[in-house]
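Residue-level structural notes
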Amino acid sequence: MSDNRTLFATMPNGDLVEELTLRCGALRCSILTYGGAIRSLVVPDKDGNPVDVALGFDTIEDYMTQTCYIGALIGRFGNRINQGKFTLNGVDYTLATNNGPNHLHGGDIGFDKQIWTVEDQTENQVVLSLVSPDGQENYPGTLTVIVTYTLTEDGLSISYHANTDADTLCNLTNHCYFNLSGHDSGPVDNQTICIKAQSYTPTDAGSIPTGEIASVEGTPMDLRTPVAMGAHWDDDFEQLTMARGYDHNWVLDGEAGQLRHVATAHSPATGITMEVHTTTPGVQFYSGNYMDGCPVGKDGAPYDKRWGFCLETQNFPDAPNHANFPSAVLKPGQEYKEETVYKFV
């Protein structure tokens, strides 16, 4: 152990969970080997004072019992799959239904609930790996995943790589909850959001895409110019009332596979602005609508509904069941390769 790699907790089965600290300039980030979770992300505010903008917990018990996926790496398939069912190469697969009738974020024991291996660590970078064996959560094929967190002077990059020995699904993301006024500062209603997307994927009452790709024009889903997150999240608009706020996938402008600026969030209180750059075709903007009952956060912060927001870069939800969505199938010999950068400007 060193000052940038410390023991965070011991699991009930005796496995060790480490906390990995990255530093670069004024920025600092800590990541747990449990779930590969971002536990803190400290950036300077407009006056140069440090602000922790990532929600997290002080105990492993809270990470194990929380149902919000706070900070964690998500896989094999981020977001939802309708009825937990998909067909691949003529074979029908049934997954855990851990979100009402649907499959969410990889199932009962997704990547968020597993201990990742530290392959390498430097002052500002850590490389984590995870091997998901054939049949885990009933997904086919052995999937080998490498995630690299790199802290720079202006942000945090997350690079995802994966390969498989049999055709499978792969859609990886990170479920960090941000609060640019500080993780302990309360609801994010006054913080602004801008997403570069002409369209989004409407859902049914269970948050499963209908298959439609709908224009944002003339709706509260139009976030192409900065708007306060709380300005419309309680509007009488069916997509928002069903989800208790924003919890939708936006179809990002630009070419998927190319790293591009897709979203910007800002806190008037701290002056902190965060840009999201990604290679993925979509992003799930989630306004923390179901944080009620969340365990108490770091330093006793009483996390509650809408105390954080997520910008989960991803393939589209339920992609295996919609031929018009980008494919989420990964084949042997192919490399899954995506990158997301949270940049503070």
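The sections below set out a description of the structure shown in this document. (Residues numbered from 1 in each chain as written. Predicted model: local features only at pLDDT ≥ 70, side-chain atom pairs only at ≥ 80, totals over all residues. Heavy atoms only, no water.)

**A short note on the overall build of the protein**
The helix and strand inventory of the protein stands at two helices and 27 strands. Radius of gyration (C-alpha) of the protein: 19 Å, near the 20 Å computed for a compact globule of 345 residues. For the protein, the spread of C-alpha atoms along the three principal axes comes to 55 × 50 × 35 Å. Out of the 345 residues in the protein, the part that is buried amounts to 59%. Within the protein, contacts between residues at least 6 apart in sequence are counted, and of these 65% link residues at least 24 apart. Surface summary for the protein: the accessible area is close to 12900 Å², and the carbon and sulfur share equals 47%. Distance between charge centres in the protein, computed from 19 positive and 44 negative side chains, equals 1 Å. (Helix = DSSP H or I, 4+ residues; strand = E, 2+ residues; numbered from the N terminus. Rg over C-alpha atoms; globule rule 2.2 N^0.38 Å. Buried < 20%, exposed > 50% of the residue type's maximum accessible area, 1.4 Å probe, protein only. Contact = heavy atoms within 4.5 Å. Areas by Shrake-Rupley, 256 points an atom, 1.4 Å probe, with all protein chains shown as cover. Lys, Arg positive; Asp, Glu negative; His and termini not counted. Charge placed at Lys NZ, Arg CZ, Asp CG, Glu CD.)

**Regarding the packing of aromatic side chains**
Taken as a whole, this structure holds 15 aromatic pairs when the rule is applied. With a centroid separation of 6.1 Å and 50 degrees between ring planes, the pair formed by Tyr246 and Trp250 is classed as tilted. In terms of burial, Tyr246 and Trp250 fall into one category: buried. Joined through ring pairs, the aromatic side chains of Phe8, Phe57, Tyr63, Tyr303 and Trp307 make up one cluster. It is Arg244 that lies over the ring of Tyr290; its NZ or CZ is 4.7 Å from the centre. Its end group placed over the ring of Trp233, Arg306 keeps NZ or CZ at 4.2 Å from the ring centre. (Phe/Tyr/Trp six-rings, centres within 6.5 Å; stacked < 30°, edge-to-face > 60°. Lys NZ or Arg CZ within 6 Å of the ring centre and 35° of its normal.)

**A closer look at the pairing of strand β12 (residues 125-132)**
Extensive coverage of β12 is indicated by the burial of six of its eight residues. In this sheet, β12 lies alongside strand β11 (residues 117-121) in antiparallel orientation, the contact comprising four bridges. When the sheet's bridge partners are listed, Val118 is paired in β12 with Leu128. Hairpin geometry of β11 and β12 is characterised by an intervening segment of three residues between the two adjacent antiparallel strands. Pairing geometry for β12 and strand β13 (residues 143-152), over eight bridges, is antiparallel. Residue pairing for β13: Ser129 is matched across the bridge by Ile146. (Pairing = 2+ DSSP bridges.)

**Things to note about the sheet that holds strand β21 (residues 247-252)**
Strand order in the open sheet made by the five strands is β19-β18-β21-β24-β25, with antiparallel pairing throughout. The outermost strands of the open sheet, each flanked by one partner alone, are β19 (214-215) and β25 (310-314). Examined bridge by bridge, strand β18 (residues 197-201) and β19 share two bridges and lie antiparallel to one another. When the bridges of β19 are listed, Tyr200 appears paired with Ala214.

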